[in-house]
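# Close look at the chain arrangement
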Amino acid sequence: MIRRASLMLVGALMGATAMSVVYSAGVPAQAAGTSTYKELAIFGDVFERVRAQYVTPPDEKKLIEAAINGMLSSLDPHSSYMNAQEAADMQTQTKGEFGGIGIEVTMENELIKVITPIDDTPGAKAGILAGDYISEINGQPVRGMKLSAAVDKMRGAVGTSIKLTILRKGVEKPIELNVKREVIPIRAVKSRVDGDVGYLRVISFTEKTFDDLQAAIAKIKKQVPEDKLKGYVLDLRLNPGGLLDQAIYVSDAFLQKGEIVSTRSRDPEDTRRFNATPGDLTDGKPLIVLVNGGSASASEIVAGALQDLKRATVVGTRSFGKGSVQTIIPMGDKGALRLTTALYYTPSGKSIQGTGIHPDITVEEPLPADLKGKLKPEGESALPGHIQGQSETEEGSGSVAYVPPDPKDDVQLNYALDLLRGVKKDPSFPPDPNKVVLENAKKN
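Here is what the cut-offs are and how they apply
Residues numbered from 1 in each chain as written. Predicted model: local features only at pLDDT ≥ 70, side-chain atom pairs only at ≥ 80, totals over all residues. Heavy atoms only, no water. Pairing = 2+ DSSP bridges. Helix = DSSP H or I, 4+ residues; strand = E, 2+ residues; numbered from the N terminus. Contact = heavy atoms within 4.5 Å. Axes fitted to C-alpha atoms, helices over the stretch in contact; angles between N-to-C directions. pLDDT = per-residue confidence, 0-100. Buried < 20%, exposed > 50% of the residue type's maximum accessible area, 1.4 Å probe, protein only. Phe/Tyr/Trp six-rings, centres within 6.5 Å; stacked < 30°, edge-to-face > 60°. Lys NZ or Arg CZ within 6 Å of the ring centre and 35° of its normal. UniProt positions renumbered as here; feature names shortened; annotations may be inferred. Salt bridge = Lys/Arg side-chain N within 4 Å of Asp/Glu carboxyl O. Polar contact = N/O pair within 3.5 Å; in protein donor to acceptor, adjacent residues only side chain to side chain. Expected span 1.5 Å × (residues − 1). Arc of directions from axis to C-beta. Core = buried A, V, L, I, M, F, W, Y, C linked by side-chain atoms within 4.5 Å.

This paragraph deals with the sheet that holds strand S12 (residues 189-194). On the basis of which strands lie adjacent, the open sheet formed by six strands has the order S12-S13-S14-S17-S18-S21 and mixed pairing. Whereas interior strands pair on both sides, the edge strands pair on one side only; in this sheet they are S12 and strand S21 (361-362). Judged from the four bridges that link them, strand S14 (residues 231-235) and strand S17 (residues 287-291) form a sheet pairing that is parallel. Directly across from Asp-235, in S17, lies its bridge partner Leu-290. Each of S14, S17 and strand S18 (313-316) touches helix H8 (residues 298-308); the most contacted strand, S17, lies at about 140° to it.

In structure tokens, the structure reads:
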């Protein structure tokens, strides 16, 4: 498989609503009509009135940002303006690394609880342990602080130090540590061997995803002899997306040929098609893809390609249904405009906008008693102002996005394992390559 460069990016890396993006240094625009400029003059008059006469002096920068976002949000849920900080955060997320200390945390009893320190990072080297509680960051108590705010405080420029106050069970006095931040890679792929099956979970599509996937597959091959390996599970559940080129590389990792995805904008001449290249990293082993309502955008591209090309059987529940493309246009003061400019299509020519990927085998994941009635289906079709998909119906898109923390309780995963081991049978597995129906074939 040959990796090829691409400027396209996809995926919302935070939250369930996914986005597709294309970086661009500039986009030509046609001049607006006279009536449009008259309306803009009215906007200027309103702005001056608010600035001069509102009961309290407004923040002019926030006023302008709110006005821009008001205009963009009237278009669809995924078009927006990002200020310098938001644009920088997005670049950090897509790059797959950040300046920090390398600990996975959660919030418990108003304190930051360390789930685990990441191996070979400043946090682990400083002696932070799983189960530790962080009570202060640089002398500031974390009580009353949101988890996201605490994480932001622990991240920072590489080479700078942070002071943490830690409470540890069995230790009477608080522990104070000074930790120097380093570059922390965000692991995009987690993997393990489940007996005779390789398990690959793609968390998000960052610049590191394909490399992580390639390494994970190689590791699994070393652990399980080729004649013993029954196949692979590619888990895309709760994956909100990321970079388009990485979605293409991940799809290509399992394919020998065929169109992976196409993107189409208002101008038919701007249609772009991305094709697979020879070389299946898994040597054609059986493959099952898991999806649910948290699988969006880039993950839907992968699932759609592997499903349409009959390389994999898709198991789970209907995906989010985010099939639009946004262009990221750098603006002044290091901000950026995120504007919807196209839709993407699976190899069969299908847009999943507002419909999502329908599994070949629907397997519902039971909710634990404490979550019943609290988790609602996630889907693009439920977003106010979303672009109506060409195949969208009242049924809409999406499903409940839930994955049990313990694999033993994971009904969808265990169903996939049973299929690979022959314990369960279904006409959809293994898929029949002779039944591939592509868009070009349908037109002929």
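What follows concerns the confidence of the model for the chain. Chain-level pLDDT for the chain is 88 on average; 91% of the residues reach the 70-or-more range. For the stretch residues 1-25, pLDDT sits under 50, and the model shows 107 contacts to residues farther than four places along the chain or on other chains.

Here we come to unusual backbone geometry. Between Phe-429 and the following residue, Pro-430, the backbone shows a cis peptide bond with an omega angle of -10°. You can see Pro-430 is positioned in the loop between helix H9 (411-420) and helix H10 (439-443). Despite not being glycine, Ser-297 shows a phi value in the positive range, around 55°. When you line up the elements, Ser-297 lands in the loop between S17 and H8. Since its relative accessible area comes to 0%, Ser-297 is described here as buried.

For the rest of this paragraph, the subject is the pairing of strand S19 (residues 324-330). Counting buried positions over the seven residues of S19 gives six, a clear majority of the element. Joining the antiparallel neighbours S19 and strand S20 (residues 336-345) is a turn of five residues, in which Asp-333 adopts a positive phi near 55°.

Here we take up the packing of aromatic side chains. Two numbers describe a pair of aromatic rings. These are the distance of the centres and the angle of the planes. All told, the structure shown has one aromatic pair when counted by the stated rule. Note that Arg-264 overlies the ring of Tyr-345, its terminal NZ or CZ placed 4.0 Å from the centroid.

Under the feature "domain: PDZ" (unreviewed entry), the UniProt entry names residues 87-157. End C-alpha atoms of residues 87-157 are separated by 16 Å, and the span's content is 31% helix alongside 34% strand.

One pass over the full model with this rule turns up 18 salt bridges. We note a salt bridge from Asp-196 to Lys-230, for which the minimum N-O separation is 3.2 Å. Of this pair, Asp-196 sits in the loop between S12 and strand S13 (197-202) while Lys-230 sits in the loop between helix H6 (209-223) and S14, and the two are 34 residues apart along the sequence. Judged by relative accessible area, which is 19%, Asp-196 ranks as buried. One salt bridge in this structure joins Arg-273 and Glu-259, with 3.0 Å as the shortest N-O distance. Here Glu-259 lies in strand S15 (residues 259-265) and Arg-273 lies in strand S16 (residues 272-275), a separation of 14 residues in the sequence. Residue classification places Arg-273 among the partly exposed residues on the basis of a relative accessible area of 38%. Connected via shared salt-bridge partners are Asp-194, Asp-196, Lys-230 and Arg-421.

Here we come to H8. In terms of burial, H8 is a largely internal element, eleven of the eleven residues being buried. Taken together, the buried positions of H8 are occupied by Ala-298, Ser-299, Glu-300, Ile-301, Val-302, Ala-303, Gly-304, Ala-305, Leu-306, Gln-307 and Asp-308. Lys-310 occupies a position one or two residues after H8 and carries a positive phi of about 55°.

Here we take up the side chain of Arg-311. One can find Arg-311 in the loop between H8 and S18. In terms of polar contacts, Arg-311 uses its side chain to reach the backbone carbonyl oxygen of Phe-254, at 2.8 Å. Of note is the side chain of Arg-311, whose polar atom sits 3.0 Å from the side chain of Thr-282. In contact with Arg-311, other than residues within four places in its own chain, are Phe-254, Leu-255, Asp-280, Thr-282, Gly-284, Lys-285, Pro-286, Leu-287, Leu-306 and Pro-431.

Here we come to helix H3 (residues 84-95). Counted at 1.5 Å a residue, the expected span for H3 with its twelve residues is 16 Å, and the 16 Å between its end C-alpha atoms agrees. Within H3 the residues assigned to the buried category are Ala-87, Met-90 and Thr-94. For H3, the angular spread of buried residues about the axis comes to 60°, placing them on one side. If you check the start of H3, you find a side-chain oxygen 3.2 Å away from the backbone N of Gln-85, and it comes from Asn-83. Directly after H3, the chain includes Gly-96, whose backbone phi takes a positive value near 85°.

All right, on to the nonpolar core then. Counting residues in each nonpolar core, the largest one holds 45 residues, and the members touching the most others are Leu-200, Leu-234, Phe-254, Val-289 and Leu-306. Elements supplying a minimum of two residues to this core: S13, H6, S14, helix H7 (244-252), S15, S17, H8 and S20. Ranked by residues supplied to this core, first place goes to H8 with six residues. Residues within four places of Leu-234 in sequence aside, it is in contact with Leu-200, Val-202, Phe-254, Leu-287, Ile-288, Val-289, Leu-290, Val-302 and Leu-306. Formed by 20 residues, the second largest nonpolar core is a distinct cluster that contains Tyr-133, Ala-150, Leu-164 and Ile-166.

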